[in-house]
Amino acid sequence: MSDSAGGGGGGGGAGAGVGQDSEADNEPPQQPPPLLPGDAGETSEEGPPSSAKRPRMSEENVGPEQVVEPVQRHEEIPAEAGVLQGSPAQTAQGDLLQGEVESQNGKDVTVVGDEEECHQNGDEGHHASLEGETKPEAHNGDGSADSPSDGQHLGLDFTQNPQVLTGSWTEYSNLPENYLKGCKWAPDGSCILTNSADNVLRVYNLPPEIYSYSWDLLPEMSPVLRMAEGDTIYDYCWYPKMNSLEPDTCFLASSSRDNPVHVWDAFYGEVRASFRPYNHLDELTAAHSLCFCPDGTQLYCGFDKMVRVFYTERPGRDCEERPTIVKKQGQSGIISCFGFSPCQSVYACGSYSRCAGLYSCQDGTLLALLPTRHHGGLTHLLFSPDGNYLYTGGRKDPEILCWDLREPGKVVFSLKRNVATNQRIYFDLDQSGRYLLSGDTEGVVSVWDTQTAPPDGNEELLQPQLRFQAYWDCTNGISIHPFMPLLATSSGQRQFLWPGDSEGDSASDTEGSGAVLSQQNTRQDNALTLWWAGPLSPAAEGSRDQSTTAAEA
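Residues numbered from 1 in each chain as written. Predicted model: local features only at pLDDT ≥ 70, side-chain atom pairs only at ≥ 80, totals over all residues. Heavy atoms only, no water.

## Describing the sheet that holds strand E28 (residues 427-429)
- Overall, antiparallel pairing links the 4 strands, which are arranged E28-E29-E30-E32 in an open sheet. The strands lining the two open edges of the sheet, one partner per strand, are E28 and strand E32 (466-469). For this sheet the average axis-to-axis angle between neighbouring strands, irrespective of direction, equals 15 degrees.
- Of the pairings in the sheet, the one linking strand E30 (residues 444-449) to E32 comprises 4 bridges and is antiparallel in character. Residue pairing for E32: Val444 is matched across the bridge by Gln469. (Pairing = 2+ DSSP bridges. Helix = DSSP H or I, 4+ residues; strand = E, 2+ residues; numbered from the N terminus. Axes fitted to C-alpha atoms, helices over the stretch in contact; angles between N-to-C directions.)

Structure follows, in structure tokens:
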């Protein structure tokens, strides 16, 4: 990677204005479809907890149709200044993380007949075999993938509600309506990246107290890096080979309105390089979506009916153009999201035209165009770890669809969530491909066990295994830690004031508008939160029992 930044250097300071939502650019607003049976009801009108406290979830089990309301947690210790990722403390922490990463990132390849099947951690995704053979399971007691170092890896446990560990909320209270727009763990699990309405990317280190189960001592998290873009951030992504022990690999890419694609150094927060896409009029144009290929050698950027591919080692304007429409045939609309198959040289593109396409990585040839089943433009998609399934979700769309790529166009099952706005609502899969998690506009997080899908593949609505109330406001981002039972969630959305009563005297109008304003303010809940979704230590179990007894008393 060149150390010199290209034209259009680092973005300016964060402005107070929020600007337009990137998801709504060049796309007319869409009306939400009728909700499916069992959709979540109206948002609770209860006020959120005070800024000094964050909600803690009840430890009781929750059925598919139950939602647990948050309760108050203890006072947080004031956050101390974070350490940079290159410090000795972080390096020591990175040694532990790296050992786990190396044990988890290995891929096993099994040849079945003439087909090559790829899976991670020995897991088979939805089914045990593509050829109907029975293969040994590689799960522990709770169904998550086992680590080669058995006894050191803790799997996800969704038989109980995740427990709040810590988070960051004061950071997002300095500006009005500074809601978050997603969060993403680094590939090595050492830190987490967030995007927010003030056009600032923030990097948080994973608190070291989590390893010792000293959860009552966890302070509020404070970012160790802030990277300010000049305008609305459209998309951002980590370099897939990122390793905290190798500074040259620690970088990320972001795209913002009227700016080139910036590559940021994740140690110092400086612009390391720039990729400058130009349209047919030789005008600088901004990418609406970004994604590195799995080996990190190429950066894919999405535009209107166009994908541009840059080589990571060659910053500048040289790129390969791959139109998604050729002779009026193909995928139309703005390319809004990418995903790469873990086993084949294939990538998927989602667009605001409500469809997804499969393309060859070699030359961008269109391999298959999935039917238009979504009610809104696609905002996120993911491949399953075995590469056989593709999950897609759209805006103002109540469903996440699971497509069987061995029979392109076939929907295996759908997952219901409440998405009533144009906002990008992320979802995520664990490393085994078993659990899929997503938030919604009502602040509820749903957990689905994809292995409970019917083996015959009959399309039906898959019910969630667990649902819990994470925030009072929209839960827009969710990210599962690469090898620990940790979840990161982000919340918030743009709030619109309701128009006041147009009739009556000015005094009543003032009172009415004040009441509406107050109501809108109580619904704001802009925060990054870390959750423990694994088995509890004996000490943590005892602390939980004591807190439960005290609450009952």
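Still more to cover.
## Topic: the sheet that holds strand E20 (residues 335-340)
- One open sheet holds the 4 strands; their spatial order is E20-E21-E22-E23, and the pairing between them is antiparallel. Looking along the sheet, the strands with just one partner apiece sit at the ends: E20 and strand E23 (366-369). Each strand of the sheet is rotated relative to its neighbour by a mean of 25 degrees, with strand direction disregarded.
- Pairing analysis gives 3 bridges linking strand E22 (residues 356-360) to E23, with the strands arranged antiparallel. Bridge assignment links Gly357 to a residue of E23, and that residue is Leu369.

## Focus: the packing of aromatic side chains
- With the rule as written, the count across this model stands at 15 aromatic pairs.
- When the ring of Phe267 is compared with that of Tyr268, the centres are 6.3 Å apart and the planes differ by 45 degrees; the resulting orientation is tilted.
- Of note, Arg317 hangs over the ring of Tyr278, and the distance from its end group to the ring centre comes to 4.0 Å.
- The ring of Tyr352 has Arg395 sitting right over it, with the charged end atom 4.3 Å from the ring centre. (Phe/Tyr/Trp six-rings, centres within 6.5 Å; stacked < 30°, edge-to-face > 60°. Lys NZ or Arg CZ within 6 Å of the ring centre and 35° of its normal.)

## A few points about the nonpolar core
- Ranked by internal contacts, the top residues of the largest apolar core, which has 20 residues, are Leu165, Ile210, Leu486, Leu530 and Trp532.
- Among the secondary structure elements, those contributing two or more residues to this core are strand E6 (180-185), strand E34 (486-491) and strand E35 (528-532).
- Excluding its chain neighbours within four sequence positions, the residues that come into contact with Leu530 are Gln163, Val164, Leu165, Thr166, Gly167, Trp185, Leu206, Pro207, Ile210, Met221, Leu487 and Ala488.
- Counting residues in each nonpolar core, the second largest holds 19 residues, with Cys191, Ile233, Trp264 and Val271 among its members. (Core = buried A, V, L, I, M, F, W, Y, C linked by side-chain atoms within 4.5 Å. Buried < 20%, exposed > 50% of the residue type's maximum accessible area, 1.4 Å probe, protein only. Contact = heavy atoms within 4.5 Å.)

## Quick word on the pattern of salt bridges
- Summed over the entire model, instances satisfying the criterion amount to 13 salt bridges.
- Where Lys184 meets Asp235, a salt bridge forms, and the shortest distance between an N and an O atom there is 3.8 Å. Taken together, the positions of Lys184 in strand E6 and Asp235 in strand E10 (residues 233-238) put the pair 51 residues apart, joining distant regions of the chain.
- One continuous salt-bridge network, built from bridges that share partners, spans Glu171, Asp198, Arg202 and Arg226. (Salt bridge = Lys/Arg side-chain N within 4 Å of Asp/Glu carboxyl O.)

## Side note on the side chain of Asp473
- Following the sequence through the fold, Asp473 ends up in the loop between E32 and strand E33 (475-480).
- Among the polar contacts made by the side chain of Asp473, one reaches the side chain of Gln493 at a distance of 2.9 Å. (Polar contact = N/O pair within 3.5 Å; in protein donor to acceptor, adjacent residues only side chain to side chain.)

## With respect to the environment of Leu381
- Note on placement: Leu381 falls in strand E24 (residues 378-383).
- With relative accessibility at 1%, the residue Leu381 sits in the buried group.
- In this structure, the C-alpha to C-alpha distance between Leu381 and Asp428, residues 47 residues apart in sequence, is 9.1 Å.
- Sequence-distant contacts of Leu381, that is, excluding residues within four places in its chain, are made with Cys337, Phe338, Gly339, Ala348, Cys349, Gly350, Leu390, Tyr391, Thr392 and Phe427.

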